[in-house]
Structure formats: C-alpha cells, structure tokens
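Here is what each chain is made of, one letter per residue.
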Amino acid sequence: MNQIKTGLAAFVLRRPETWIAVGYFAFYLASFFLLERITEPRFIIHSALDDLIPFCEWGIIPYASWYLLLVGGPVFFLLKDKGDYLRLCFIMFVGMTICLALYVVLPTGLDLRQPIPRDNLLCKAVELLRSIDTPTNVCPSIHVSSTVAVGIVTVRSRLFDRHAWFKILMVIECLAVCWSTLALQQHSVWDVAAGAALSFALMPIAWKLWPQTK
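Basis of the calculations
- Residues numbered from 1 in each chain as written.
- Predicted model: local features only at pLDDT ≥ 70, side-chain atom pairs only at ≥ 80, totals over all residues.
- Heavy atoms only, no water.
- Helix = DSSP H or I, 4+ residues; strand = E, 2+ residues; numbered from the N terminus.
- Salt bridge = Lys/Arg side-chain N within 4 Å of Asp/Glu carboxyl O.
- Buried < 20%, exposed > 50% of the residue type's maximum accessible area, 1.4 Å probe, protein only.
- Polar contact = N/O pair within 3.5 Å; in protein donor to acceptor, adjacent residues only side chain to side chain.
- Contact = heavy atoms within 4.5 Å.
- Axes fitted to C-alpha atoms, helices over the stretch in contact; angles between N-to-C directions.
- Parallel < 35°, antiparallel > 145°, perpendicular 65-115°, else oblique.
- Left-handed = near helix turned anticlockwise from the far one by under 90°.
- Nonpolar A, V, L, I, M, F, W, Y, C, P; charged D, E, K, R; others polar.
- Core = buried A, V, L, I, M, F, W, Y, C linked by side-chain atoms within 4.5 Å.
- Phe/Tyr/Trp six-rings, centres within 6.5 Å; stacked < 30°, edge-to-face > 60°.
- Lys NZ or Arg CZ within 6 Å of the ring centre and 35° of its normal.

Caption draft 1: Spatial organisation of the environment of R37. You can see R37 is positioned in helix α2 (residues 18-38). Through-space distance from the C-alpha of R37 to that of T134 is 9.4 Å; in sequence the pair is 97 residues apart.

Caption draft 2: Broad picture of the pattern of salt bridges. What the rule picks out here adds up to four salt bridges. Between K124 and D119 there is a salt bridge, with its nearest N and O atoms 3.1 Å apart. On the basis of relative accessibility, which here comes to 64%, the residue D119 falls in the exposed class. For K167, the salt bridge identified is with D161, shortest N-O distance 3.3 Å.

Caption draft 3: Layout of the side chain of Q186. The residue Q186 is located in the loop between α7 (164-183) and α8 (189-209) in this model. Classification of Q186 by relative accessible area gives buried; the value is 3%. One polar contact links Q186 to R113, side chain to side chain, over a distance of 2.8 Å. Beyond its immediate sequence surroundings of up to four residues, Q186 is in contact with Y63, L110, R113, L129, R130, D133, V138 and T181.

Caption draft 4: Spotlight on the side chain of S141. Topologically, S141 is positioned in the loop between α5 (121-132) and α6 (142-156). Judged by relative accessible area, which is 0%, S141 ranks as buried. Only 3.0 Å separates the side chain of S141 from the backbone nitrogen of V144, close enough to count as a polar contact. If near-sequence neighbours (up to four positions away) are discounted, S141 is found in contact with Y103, H187, D191, V192 and G195.

Caption draft 5: Structural view of the packing of helix α3 (residues 60-80) against α7. Packing of α3 against α7 brings their axes to within 8 Å, and their N-to-C directions diverge by 125 degrees. Looking at the two axes, α3 sits oblique to α7. Both α3 and α7 take part in a crossing whose hand is left-handed. In this structure, α3 contributes P62, Y63, S65, W66 and L69 to the contact, and α7 contributes M170, E173, A176, V177, W179, S180 and T181. Classifying every residue of the contact of α3 with α7 by side-chain character gives eight nonpolar, three polar and one charged.

Caption draft 6: Structural detail: the nonpolar core. One finds I91, M92, F93, M96 and I142 to be the most contacted residues of the largest nonpolar core, which totals 43 residues. Those elements that provide at least two residues to this core are α2, α3, α4 (82-105), α6, α7 and α8. Element by element, the count of residues in this core is highest for α4, at 12 residues. Other than its neighbours up to four places away in sequence, I142 contacts Y28, W66, M96, C99, L100 and Y103. Counting residues in each nonpolar core, the second largest holds nine residues, with F55, I60, Y63 and V126 among its members.

Caption draft 7: Local environment of the packing of aromatic side chains. Here the structure, examined in full by the defined rule, presents 11 aromatic pairs. Pairing F76 with F77 gives two aromatic rings, centres 5.2 Å apart and planes at 80 degrees, and the pair type is edge-to-face. Since its relative accessible area comes to 31%, F76 is described here as partly exposed. On the basis of an interplanar angle of 15 degrees and a centroid distance of 4.7 Å, the ring pair of F160 and F166 is categorised as stacked. According to the relative accessible area criterion, F160 is buried, its value standing at 10%. Among the aromatic residues, those joined into a cluster by ring pairs are F76, F77, F160, W165 and F166. Its guanidinium or amino end placed over the ring of W207, R156 lies 4.1 Å from that ring's centre, counting from NZ or CZ.

Caption draft 8: Structural detail: the environment of I45. Mapped onto the elements of the fold, I45 is located in the loop between β1 (43-44) and α3. Taking the relative accessible area as the measure of exposure, I45 reaches 14% and is therefore buried. For the pair formed by I45 and W165, sequence separation is 120 residues and the distance between their alpha carbons is 36 Å. Excluding its chain neighbours within four sequence positions, the residues that come into contact with I45 are T108, G109, L110, D111, V138, C139, S188, W190 and D191.

So this is what it looks like as structure tokens:
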C-alpha cells in the first residue's frame, strides 16, 4: 500500500496538471447531486421529435459507456499529450460548469419518461438509472457535452493521424451516446443539440489557448 501511495505521489509530482481533473470531478459530483436535491424544474423541455423516438433499452449500453469516456478520456490524454489533455479539460470542464450554472438560473426538466414496456435485464438497468438520475437539470445535456468534448479532441489529436479508423470509431461512439440519451428518454432533442453546440463553441477557444504545434 505504501508503495502505491509513493508511486501515485511521484506521478502527481511529475504531472501536477493531474489535479485539474481530480479537483474538478470532486467539485462536479458535489454540485450535481446537490442540484438534484434542491432544484425544482420551472421549464419543461420538449420537442415534437421526442415523440417520434421509441424507447429502446439497448441504449443503456452506450449510455453507460459515457462513464468510461468521462474518466478514460482525460486519463489517456494526460499520459499521452499534455496539450490535448489541457484542451479536453477546458472544453469538458468549462462546458460542465456552464451547464451547472444554467441549471441554477434556468432549472429545466422533462416529462418524456413513460413506463418501461418490458421486463428484462436491460430494462432493470434503466429502472436503476431512473431512480438515481431524476428528470431535472437536463438542458444542456452534460452527458452529451462531455462526450462531444472527448470526441472533438480525439478527432483533432495528432496522436491518431495514422489511425483514422479510431477516429471513425470515436465518432460512432459519440453518436451512439447521444442517441442513447434520447432512446432512454433521459433527454430531449433540445438538450442534445445544446450540449453538442456548447462543446463546439468552446473548441476554438481551447485551441487558441493551447495552440497545436507542428
């Protein structure tokens, strides 16, 4: 155990930027769950397109993969490219902060959730998700904004210039996660559009702050 602690301490000393992600995630989790408890929706988000999207419990698989992206993205770029790591942290964390601020100023909610129509393992996972994640604080979608942030940095990263197949897979993954938020009735089309737009709006600022060297 002492060797692990010593190794982690040495790693952080070599890469002090690690604290950007560690510190922010601690702040985000505390803020998100606090808002889940105290926020009452004043604006119900709904689009006519939402009514055309059928519930699909298979969406829980790409939806859950978001947790891997959320942690794996920053960790990967921290280890491989400091510039990409800082760009990702900026797009992801500034985006999440803007979302949290909007949830306070413009508390939003959903009325999309219908009774789960089937009884299987995936549907039980959706039931668990719904019990944890209430249909409040939805626009823009943090699930989408942070996923798109990882996608943007991955596609633009020079680490994958010779691996176009991986960039294509990442685009597919991002689209799958965005679709899953709709298929599980976790978000409206408006939430998805706003979350994606937020990350794309922050993208040029990130590259301005940390230019990519040739």
